[in-house]
Amino acid sequence: MGKLFGTDGIRGVVGENLTVDLAFKTGKAIAAVLKEEKGRKPLITIGKDTRISSDMLESALIAGICAVGGDVMPFGVLPTPAVAYLTVLKGADAGIVISASHNPYEHNGIKVFNEKGYKLPDETEAKVEEKLLSDEPIAVATHDQIGVLRHGLKQAKEAYINHLAGTVESDLSGLRVLVDCSNGAASATAPELFGRFNCYVDFIHREPDGVNINNHCGSTHLDSLAGHVVAGKYDIGVAFDGDADRCLMVDETGGVIDGDKIMAVCGMELKRRGKLNGNTVVATVMSNLGLHEFCRNSGIDLAVTSVGDRNVLEKMVECGYRVGGEQSGHMIFTEFATTGDGELTALQFLQILARSGKKASELASVCPQYPQVLLNVAVSNEHGVKECIMASEALREAVEREERRLAGEGRVLVRASGTEALIRVMVEAKTEEIARQVAERLVERVKTL
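Visitor: Any chance you could explain the sheet that holds strand β2 (residues 43–48) here in plain terms?
Guide: Sheets are built from strands paired through backbone hydrogen bonds, the pairs being either parallel or antiparallel. Pairing is mixed in the open sheet, where five strands are placed in the order β1-β5-β4-β2-β3. Since the sheet does not close on itself, it has two edges, and those belong to β1 (10–13) and β3 (71–77), each with one partner. Ignoring strand direction, the axes of neighbouring strands in this sheet form an average angle of 15°.

As structure tokens, this is what we get:
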């Protein structure tokens, strides 16, 4: 990847390495590249999550785009997948999302979709980055060539909600559902969306104040949701992250239904209905061995990619597969979306739950789960540090040594985070105690590198 664009766009702590000046220049660079590629004035959509910095970065991006001669269609606070969908619907040339997903409020990011609703191709990213890092000034527009704002937030939001609601074929009545909006973008859409159905739905963490996004709530902090589900005797709890592109759930007992279990349930249902293209589910190397076991026992092929929903999507598009995702909750249903969509995922699972007549815990139990320990090691934020650690011969030898100890009854995965200054150590084993011991030894080894 480049020096600015990571695996999920430009990320950083606002005011430190993600500044208003950088956002302004990024807006100019994106509009300039699109103008060159299209040979005309481009139209760019923008959506954002609820972080305190999102308004500021949005203003800077809009100013940069208009200065170069691009038009902007701002949607306000909307989930990331809504921007991808609406970019296509509105015939725009690109869509920008201002969000740092599941990260704390002080972080933010700039992610770009192309005119087809897919993440910006590497070649276009490289052109944008080249302009950002070049000393050559980007030509600005004058007179009637200056860009303008085009509005239509209410209609756009309604169109997205109509689209999601239209994917549900079953009656959801009888279900008691609790939804955790993570004080993020889902707060703007989930109440109206879930209100379209006959199920009983309550909401928590849907009062964003700019700094409480993902704060002990949402898909990265399920304890609050689990407690409320059990206490309120709900059938299921649904949790989104800050930009609502991922979804995790808890069953009626408070047990976690992660991305692997969601993929298993949805994949099995698609197979039953003759709609599982290629008889294949797509997952990443982070998926639990339990998903592998489920697929073997169910006669489903499992395609495995590198970490990242971009890699999952590329495989799905290449082969025409319909369902894939990550253990962390990024689920992609290519029949309905071009990117991960938490609310879409929730609706697909809920309709299966309603049709099954089973409890959520029973439905999700089809996919076993091996004990897994995931530990993060903080490293320097300096450029190249993560790459140097991952290339270390000492780390390779340590991993091989631990794999020999597991003797085929577990696995080890050490990788650099694509969005944070972290090395992630994941271990699966027959028992949690063994997995933790292996993970802790590897963490100590990483710290010495």
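Visitor: Quick question: what am I supposed to make of a nonpolar patch on the surface here?
Guide: Together, Ile52, Tyr105 and Val211 line one region of the surface with nonpolar side chains, adding up to about 260 Å² of accessible area. Position of Val211 among the secondary structure elements: in the loop between β7 (200–204) and α7 (223–232).

Visitor: It is not clear to me how the sheet that holds strand β14 (residues 331–333) should be interpreted in this structure. Could you clarify?
Guide: Read across the sheet, four strands follow the order β12-β11-β13-β14 without closing on themselves; strand pairing throughout is mixed. Each end of this open sheet is capped by a strand with a single partner; those strands are β12 (301–305) and β14. With direction set aside, neighbouring strand axes in the sheet form an average angle of 20°. Looking at chain direction, strand β11 (residues 280–284) and β12 are connected through five bridges and run parallel. Bridging across to β12, Ala283 finds its partner in Val304.

Visitor: Looking at this model, I keep getting lost on the packing of helix α8 (residues 259–272) against helix α11 (residues 342–356). Mind explaining?
Guide: Put simply, α8 and α11 touch, their axes get as near as 10 Å, and they point 65° apart. Two packed elements cross with a definite hand, and for α8 against α11 that hand is left-handed. On α11, the residues that touch Ile262, Val265, Cys266, Glu269 and Arg272 of α8 are Thr345, Phe349, Ile352 and Arg355. Across the contact of α8 with α11, the residue classes break down as five nonpolar, one polar and three charged.

Visitor: How should I be thinking about the pairing of strand β5 (residues 107–114) in this particular structure?
Guide: On a regular strand, each side chain points to the face opposite its neighbour's, so the side chains alternate between the two faces of the sheet. The element β5 is extensively covered by neighbouring structure, given that seven of its eight residues are classed as buried. Of the strand pairs in this sheet, β1 and β5 are connected by four bridges, and their pairing is antiparallel. Directly across from Ile10, in β5, lies its bridge partner Ile110. Pairing of strand β4 (residues 94–98) with β5, which is carried by five bridges, proceeds in the antiparallel orientation. Within β5, the position partnered with Ala94 by the bridge is Asn114.

Cut-off values and rules
- Residues numbered from 1 in each chain as written.
- Predicted model: local features only at pLDDT ≥ 70, side-chain atom pairs only at ≥ 80, totals over all residues.
- Heavy atoms only, no water.
- Pairing = 2+ DSSP bridges.
- Helix = DSSP H or I, 4+ residues; strand = E, 2+ residues; numbered from the N terminus.
- Axes fitted to C-alpha atoms, helices over the stretch in contact; angles between N-to-C directions.
- Patch = residues over 30% accessible without salt bridge, like charges linked within 9 Å, V, L, I, M, F, W, Y side chains within 5 Å.
- Areas by Shrake-Rupley, 256 points an atom, 1.4 Å probe, with all protein chains shown as cover.
- Salt bridge = Lys/Arg side-chain N within 4 Å of Asp/Glu carboxyl O.
- Left-handed = near helix turned anticlockwise from the far one by under 90°.
- Contact = heavy atoms within 4.5 Å.
- Nonpolar A, V, L, I, M, F, W, Y, C, P; charged D, E, K, R; others polar.
- Buried < 20%, exposed > 50% of the residue type's maximum accessible area, 1.4 Å probe, protein only.

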